[in-house]
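What follows is each chain in one-letter form.
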Amino acid sequence: MRKLSILALITSLFVTSYAVANEVNVFNARHYKADAEMYGKFTAATGIKVNLINGKSGALEKRIAEEGADSSADLYITADAGRCGAMEKKGLLQGGLSSATIKASVPKNFRTNKWVGVAKRARIIYYSPERVSGAELSGLTYEGLADPKWKGRLVIRKSSNIYNKSLVASLIENNGKKATAEWAKGVVANMARTPKGNDRAQIMAVAAGEADIAVANTYYLALMLSGNKGAEQQEAAKKVKAFFPNQNDRGTHMNISCAALVKGAPNKANAIALVDFLLSPESQEHFTNNTFEFPMIGGVSPSPLVVNNLGLDFKQDLVTKVSSYGKNQAAALEVMTAAGWK
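Residue numbers restart at each chain and count upward from 1, following the sequence in its written direction. Thresholds applied to this predicted model are a pLDDT of at least 70 for local features of residues and 80 or more for the giving and counting of side-chain atom pairs; totals over whole chains, interfaces and linings are not thresholded and use all residues. The side-chain values count all of the structure's non-hydrogen atoms but skip hydrogen atoms and water molecules.

Colleague: Could you clarify how one ought to interpret the overall build of the chain in this entry?
Modeller: Across its full length, the chain holds 16 helices and nine strands. When we talk radius of gyration, it's over C-alpha atoms, and the globule rule is simply 2.2 Å times the number of residues to the 0.38. Compactness check: the chain gives a C-alpha radius of gyration of 22 Å against a globular reference of 20 Å for 342 residues, within 12% of the reference. A principal-axis box enclosing the C-alpha atoms of the chain has dimensions of 85 × 40 × 35 Å. When a residue's accessible area, from a 1.4 Å probe over protein chains only, is under 20% of the maximum for its type it is buried; when over 50% it is exposed; and in between it is partly exposed. Taking all 342 residues of the chain together, the buried fraction comes to 54%. Computed with the Shrake-Rupley method and a 1.4 Å probe, the accessible areas treat only the protein chains shown as cover for residues. Counting every atom, the chain has about 14900 Å² of accessible surface; 54% of that belongs to carbon and sulfur. Only four residue types enter the tally: Lys and Arg on the positive side, Asp and Glu on the negative side, with His and both chain ends excluded. Working definition for charges: the position is that of NZ of Lys, CZ of Arg, CG of Asp or CD of Glu. Distance between charge centroids for the chain: 4 Å, based on 43 positive and 29 negative side chains. Note on conventions: DSSP H or I runs of at least 4 residues are helices, E runs of at least 2 residues are strands, and numbering of each starts at the N terminus.

Colleague: So what exactly am I meant to see when it comes to helix H3 (residues 57–67) here?
Modeller: Since one α-helical turn is 3.6 residues long, residues separated by three or four positions face the same way. Listed in full, the buried residues belonging to H3 are Ser-57, Leu-60, Glu-61 and Ile-64. Burial along H3 is one-sided: seen end-on, the buried residues are contained in an arc of 100°. For H3, the exposed residues set more than 90 degrees away from the buried face come down to Ala-59, Lys-62 and Glu-66. When checking whether two residues touch, look at their non-hydrogen atoms; a contact exists if any pair is within 4.5 Å. Each element contacted by the buried residues of H3 is listed here: strand E1 (23–28), strand E2 (49–54), strand E3 (75–78) and helix H4 (81–89). For this quantity, the arc is that covered by the directions from the helix axis to the C-beta atoms.

Colleague: Is there a simple way to explain the pattern of salt bridges in this structure?
Modeller: Side chains carrying opposite charge are able to pair once their charged atoms draw close together. The working definition used for a salt bridge is a side-chain nitrogen of Lys or Arg within 4 Å of a carboxyl oxygen of Asp or Glu. Applying the stated rule across the entire model yields 19 salt bridges. Between Glu-173 and Lys-327 there is a salt bridge, with the nearest N and O atoms lying 3.2 Å from each other. Of the two residues, Glu-173 sits in helix H7 (residues 162–175) while Lys-327 sits in helix H15 (residues 323–327), which places them 154 residues apart along the sequence. Judged by its relative accessible area of 36%, Glu-173 is partly exposed.

Colleague: What should I look at first to understand the state of the cysteines in this one?
Modeller: Two cysteines, two sulfur atoms, one covalent bond between them: this is a disulfide. Working definition: a disulfide is two cysteine sulfur atoms within 2.5 Å of each other. Considering all chains together, one arrives at one disulfide under this definition. Each disulfide pairs two cysteine sulfurs, and for Cys-84 the partner residue is Cys-258, the sulfurs being separated by 2.2 Å. Across the S-S bond linking Cys-84 and Cys-258, the dihedral sits near 100°, which makes this disulfide right-handed. Residue Cys-84 is located in helix H4, and its partner Cys-258 is located in strand E8 (residues 254–261); the two are separated by 174 residues in the primary sequence. The exposure class assigned to Cys-84 is buried, which follows from its relative accessible area of 0%.

Colleague: Teacher, can you tell me more about the pairing of E1 here?
Modeller: Along a regular strand, successive side chains alternate from one face of the sheet to the other. Across the six residues of E1, five count as buried, placing the element largely inside the fold. In this sheet, E2 lies alongside E1 in parallel orientation, the contact comprising six bridges. Within the sheet, the bridge partner assigned to Asn-28 lies in E2 and is Asn-54. The handedness of the E1 to E2 crossover, carried by helix H2 (residues 33–46), is right-handed. Any two strands are treated as partners once DSSP identifies two or more bridges connecting them. Relative to E3, E1 runs parallel, the two being bridged by three bridges. Looking at E3, one finds that Phe-27 is bridged to Tyr-76. The handedness rule is simple: strands pointing away from the viewer, and a clockwise path from the first strand over the helix to the second, make the crossover right-handed.

Colleague: I tried to follow the confidence of the model for the chain on my own but got confused; where do I start?
Modeller: As a note on interpretation, predicted positions should not be read in detail where pLDDT is low. Per-residue confidence from the predictor is reported as pLDDT, a score between 0 and 100. Chain-level statistics for the chain give a pLDDT mean of 92 and a share of 94% at 70 or above. This model gives residues 1–20 a pLDDT under 50, and the stretch forms three contacts once residues within four places in sequence are excluded.

Colleague: I keep staring at the packing of helix H8 (residues 177–190) against helix H16 (residues 329–338) and nothing clicks. Help me out?
Modeller: The geometry of a pair of packed helices is captured by two quantities: the angle between their axes and the separation between those axes. The geometry of H8 relative to H16 is characterised by a closest axis approach of 8 Å and an angle of 40° between their N-to-C directions. Judged on the interaxial angle alone, H16 and H8 are oblique. In the crossing of H8 with H16, the sense of the turn from one axis to the other is right-handed. Contact with H8, carried on its side by Lys-177, Thr-180, Ala-181 and Ala-184, involves Ala-331, Glu-334 and Val-335 of H16 and no other residues of that element. Each axis is a line fitted through C-alpha atoms, and for a helix only the stretch in contact is used; angles between axes span 0 to 180 degrees, taken between their N-to-C directions. For classification purposes, an angle smaller than 35 degrees is called roughly parallel, one larger than 145 roughly antiparallel, one from 65 to 115 roughly perpendicular, and anything else oblique. Crossing handedness is defined as follows: a turn of the near helix away from the far one that is anticlockwise and smaller than a right angle gives a left-handed crossing, while the clockwise case is right-handed.

Colleague: Is there a simple way to think about the nonpolar core in this case?
Modeller: Soluble, globular proteins show a tendency: their nonpolar side chains are buried together. As used in this record, nonpolar core signifies buried Ala, Val, Leu, Ile, Met, Phe, Trp, Tyr and Cys residues forming a set joined through side-chain atoms within 4.5 Å. Residues Tyr-76, Trp-115, Leu-274 and Trp-341 are the most contacted members of the largest nonpolar core, which totals 107 residues. Here this core takes nine residues from strand E4 (residues 115–127), the largest share from any one element.

Colleague: Help me out: how do you make sense of the environment of Gly-209 in this one?
Modeller: Mapped onto the elements of the fold, Gly-209 is located in the loop between helix H9 (199–207) and strand E6 (213–217). Taking the C-alpha atoms as reference points, Gly-209 and Glu-130, 79 residues apart in sequence, are found 9.9 Å from one another.

Colleague: I tried to follow the layout of surface pockets on my own but got confused; where do I start?
Modeller: Rolling a probe over the atoms, with the probe sized like a water molecule, indicates the empty space that remains. Reported here for the largest pocket is a volume of approximately 710 Å³. Counting residues per element, the ones that place at least two in the lining of the largest pocket are H2, H3, H7 and helix H10 (218–225). The element that contributes the greatest number of residues to the lining of the largest pocket is H10, accounting for three residues. Side-chain classes are defined by residue name, with Ala, Val, Leu, Ile, Met, Phe, Trp, Tyr, Cys and Pro counting as nonpolar, Asp, Glu, Lys and Arg as charged, and the others, Gly among them, as polar. In terms of residue class, the lining of the largest pocket is built from ten nonpolar, nine polar and eight charged. Any residue with an atom within 4 Å of a point lines the site, the site being either a cavity, points on a 1 Å grid over the protein atoms alone where a 1.4 Å probe fits but cannot get out, or a pocket, an open set with protein on both sides within 12 Å along at least 5 of 7 lines. Grid points are joined across faces, edges and corners, and a volume is the space filled by probe spheres set on the points.

Shown next, in the form of structure tokens:
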């Protein structure tokens, strides 16, 4: 009887180990229904079940931090390098994202060994072709948004927005904190209104004549043009044009959707396998066609809505490491707040 009990225990442990080895827990802050379909394809291909814990970035990050060593999280997936960088700075991540697929697919400036970009986006300028001249746009940079010629003509989101914090963090990395603080004052002086709304609201403001230029991520224009957000936004998107800043120097500011390996991940090998899958041509095409992001890997084309309305012939900033966004995040918020950026 004792031998039978021991055998049963060993069998139970084996089964439990097997069950754990065939799942991966993803704390997911990307709010795209299409992503769930992609995880289903991963399960079909590998037999590894993906347990999705969806939520807002702040809530998920807080949960991971509070649970500590007891956290079930394997991967934290979110839509900004600044968030992954902040998680790393807090000591909540671990190394291991250095597979052959990752090294071959993702440029070094878009990854660390603790988190890696799985899709790209650019934060660009949208303008009214009726009210903004080619001469005004010529050679325009992010730094140039502080030029007094844009006084009362610019709309942009709040300083608390992570996309803005990452953009300003990149400016600090390239130009220093002091120069960026002066720049922020100029940007605030040029605002057509107190910051409000999401990125699509900024594009809508230009279309409605409330401003002449706006700062927003690339995929939002394609999302609006797709009609998925209604006819009003679709028509508004047709009234603006896209401009890629800093084409004569470092290139346009790039950001990523990133996958981070959580410290103490119970299914580390499966988590790495999932990241490899997200970098496969099949997954990359899924990203581009459903979320209108730019692919991380070569050989995959963006959505026709992106190609036809934004274009591909622009210089990306492949020099500034996106890891600097997390490093400079606190300083970025400090300079914006000091400038009166609401």
